[in-house]
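# Chains, contacts and geometry: an overview
One letter stands for each residue in the lines below.
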Amino acid sequence: MGPIPLQAAVEFTHSPLLTFIIGLIIVVALLVWLDLPAFIGLIISAFLVGVVNTIFVADFSAADAGNQVATAFGNGMAGIGIPILMAAVIGKGMLESGAAQRVVRGFQNVLGEGNSDVALLGSSSVLAVPVFFDSVFYLLAPLARSMRARVGRDYTLFIVVVGAGAATTHVFVPPTPGPLAVADRIGSNLGMTILVGLAVAIPAAIVSGLVYGRWINSRLDIPLRDTMATSTEELQEVADRPTSELPGMLESLAPILLAVLLIASSTFVNTFQDPVPALASLQPVTDFLGNKNVALTIAALAAAYTFYRYDTMTQSEWSDELTEALKSGGNIAAITAAGGSFGALLAASGIGDYLANALQEVGIGLLVTAWLIAAIVRIAQGSATAAMLTAAGIMAPLTGQLTVHPAYLVMVIGAGGNIFSWFNDSGFWLVSEIGGLTKRETLQTWTALTTIISVTGLITVLILSTLLPLA
């Protein structure tokens, strides 16, 4: 084999792929080998990737490296700061007032203790249709923790089904924003996209949530750990209370119902105001109340009020407890935003466009090509939404070549964009910190289930589009 031509060597040296490889080595070294605190390791990784960008990316200066990390961190905090802080209050309030325990017992009374995982999977799947994934996880993670305290086992399973239900609906079923935006870009009919999305989401949720969840649960016993300012001892004390000392079911569900209904109202009005013009007059109100920052703040107030009513505290003690919850939420928000910063600096290298353009030249079917583009961009830069929109932008001009309904193209793009959530995805850190999981446990549960959803979704689409092309 002869030497590598100089031009090829130079092109490889300047390839964004090299930046990605260096970034991967850096983040693994800091977080896994040196075991630095997550926030510190992620921010240092983002800065160092920025330094690499100054070498390989035109018009990217040393000042840009520092400024873009700070900007990406700020943008991340703008998106998740208030929701995570309010989620900390919701979690604290629901767990320690006994509200989460009351909901868990309600599930078990209806479905039986043996079907607790089915109840959580169904709840998270349904709630994620009108609501972003992160909001659903904020709301249902306390139920998973309370369920574990109640039954004394299976926390791995409960976390997996909550994550699987929310993540599956999030990428397949409009009017969830991701698939809604892709359907619009592709030009797929919304009604058909919803129907196909449900057909793809159901098997993906079952395989990733129940099948994989039960399998990994038998091999990995994740203990309850102190997180979101609530200790395992406090959780166990609440789990041992008689039902008569717990809040009523409606009051217990109030934080979840308020958040979901308010956010869903905005989604509903924005989706259907064109065919139903009368809804337009409601838009200013629903856009305000349905904003996730506002909706989760209202839900937090409801959870905090129930906490005050069902715990023997003075008002000063109650205020101190909420402050502790906010401190815990602040740490989680910082880690989550830092993960987004690391992903943003990888994206600044141009890795997304580089990989997407390379894959356009691969001679394979359009559906598989779209899945590959979304999947590789997702792994490289972390953002599922960015991966989905990148793939949609590339594939939109090619939809005329499809021999099946464009809804199938929307589905494979969603499936690819969901694959292998890892250190450069803010969602990875959200699940890890709110769930109280180690990095290794998060890889074994969350990263694995997102990959299973992706592959199952692709296979389901290929089967359905062959049997029912709908073209």
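The following refers to the structure shown.

Cut-off values and rules
- Residues numbered from 1 in each chain as written.
- Predicted model: local features only at pLDDT ≥ 70, side-chain atom pairs only at ≥ 80, totals over all residues.
- Heavy atoms only, no water.
- Helix = DSSP H or I, 4+ residues; strand = E, 2+ residues; numbered from the N terminus.
- Buried < 20%, exposed > 50% of the residue type's maximum accessible area, 1.4 Å probe, protein only.
- Contact = heavy atoms within 4.5 Å.
- Areas by Shrake-Rupley, 256 points an atom, 1.4 Å probe, with all protein chains shown as cover.
- Lys, Arg positive; Asp, Glu negative; His and termini not counted.
- Charge placed at Lys NZ, Arg CZ, Asp CG, Glu CD.
- Phe/Tyr/Trp six-rings, centres within 6.5 Å; stacked < 30°, edge-to-face > 60°.
- Axes fitted to C-alpha atoms, helices over the stretch in contact; angles between N-to-C directions.
- Left-handed = near helix turned anticlockwise from the far one by under 90°.
- Nonpolar A, V, L, I, M, F, W, Y, C, P; charged D, E, K, R; others polar.
- 1 Å grid on protein atoms, 1.4 Å probe; cavity = no way out; pocket = protein on both sides within 12 Å on 5 of 7 lines; lining within 4 Å.
- Points joined across faces, edges and corners; volume = space filled by probe spheres on them.
- Patch = residues over 30% accessible without salt bridge, like charges linked within 9 Å, V, L, I, M, F, W, Y side chains within 5 Å.
- Salt bridge = Lys/Arg side-chain N within 4 Å of Asp/Glu carboxyl O.
- Core = buried A, V, L, I, M, F, W, Y, C linked by side-chain atoms within 4.5 Å.

### Brief notes about the overall build of the protein
- Helix and strand content of the protein: 21 helices and zero strands.
- Looking at the protein as a whole, 55% of its 471 residues qualify as buried.
- Excluding contacts between residues fewer than 6 apart, the proportion of contacts in the protein whose partners are at least 24 apart in sequence is 80%.
- When the accessible surface of the protein is totalled, it reaches about 18,800 Å², and 66% of it is carbon and sulfur.
- For the protein, the centre of its 18 positive side-chain charges and the centre of its 30 negative side-chain charges are spaced 8 Å apart.

### Describing the packing of aromatic side chains
- As enumerated under the stated definition, the model contains twelve aromatic pairs in all.
- One aromatic cluster is present, formed by Phe-20, Phe-342, Trp-422, Phe-423, Phe-428 and Trp-429 through successive ring pairs.

### What about the packing of helix α17 (residues 366–381) against helix α18 (residues 384–395)?
- α18 packs onto α17 with a crossing angle of 145° between their chain directions and a minimal axis gap of 8 Å. When the axes of α17 and α18 are compared, the crossing they make is right-handed. Residues Leu-366, Ala-370, Ile-373, Ala-374, Val-377, Arg-378 and Gln-381 of α17 form the contact with α18, whose own contacting residues are Ala-384, Ala-386, Ala-387, Thr-390, Ala-391, Ile-394 and Met-395.
- Broken down by class, the residue content of the contact of α17 with α18 amounts to eleven nonpolar, two polar and one charged.

### Some words on empty space enclosed by the protein
- Following the criterion strictly, the structure yields one cavity of 30 Å³ or more and no others.
- In terms of lining, the largest cavity is formed by Gly-91, Leu-95, Tyr-138, Ala-141, Pro-142, Arg-145, Met-228 and Ile-434.
- Listed by contribution, the elements that provide at least two residues to the lining of the largest cavity are α4 (62–97) and α7 (133–151).
- The element contributing the most residues to the lining of the largest cavity is α7, with four residues.
- Considering only residue class, the lining of the largest cavity consists of six nonpolar, one polar and one charged.

### Regarding the layout of surface pockets
- Of the volumes computed, that of the largest pocket is approximately 860 Å³.
- Of all the secondary structure elements, the ones that give two or more residues to the lining of the largest pocket are α4, α7, α8 (155–172), α15 (315–348), α17, α18 and α20 (426–435).
- Ranked by residues supplied to the lining of the largest pocket, first place goes to α15 with seven residues.
- Here the lining of the largest pocket is built from residues that sort into twelve nonpolar, 17 polar and four charged.

### Describing the environment of Thr-451
- When you line up the elements, Thr-451 lands in helix α21 (residues 439–467).
- For Thr-451, the residues in contact, after removing those within four places along its chain, are Ile-419 and Phe-420.

### Some remarks on a nonpolar patch on the surface
- Taken together, the side chains of Val-455, Ile-459, Ile-463, Leu-467, Leu-468 and Leu-470 make up a nonpolar region of the molecular surface, amounting to roughly 550 Å² of accessible area.
- Assignment of secondary structure puts Ile-459 in helix α21.
- Given the relative accessible area of 47%, Ile-459 is considered partly exposed.

### Side note on the nonpolar core
- Counting 134 residues, the largest nonpolar core has Phe-137, Phe-172, Leu-409 and Ile-413 as its most contacted members.
- In this structure Phe-172 touches Pro-179, Thr-193, Gly-197, Val-200, Ala-201, Ala-204, Met-411, Gly-414, Ala-415, Ile-453 and Gly-457, once residues within four positions along its chain are discounted.

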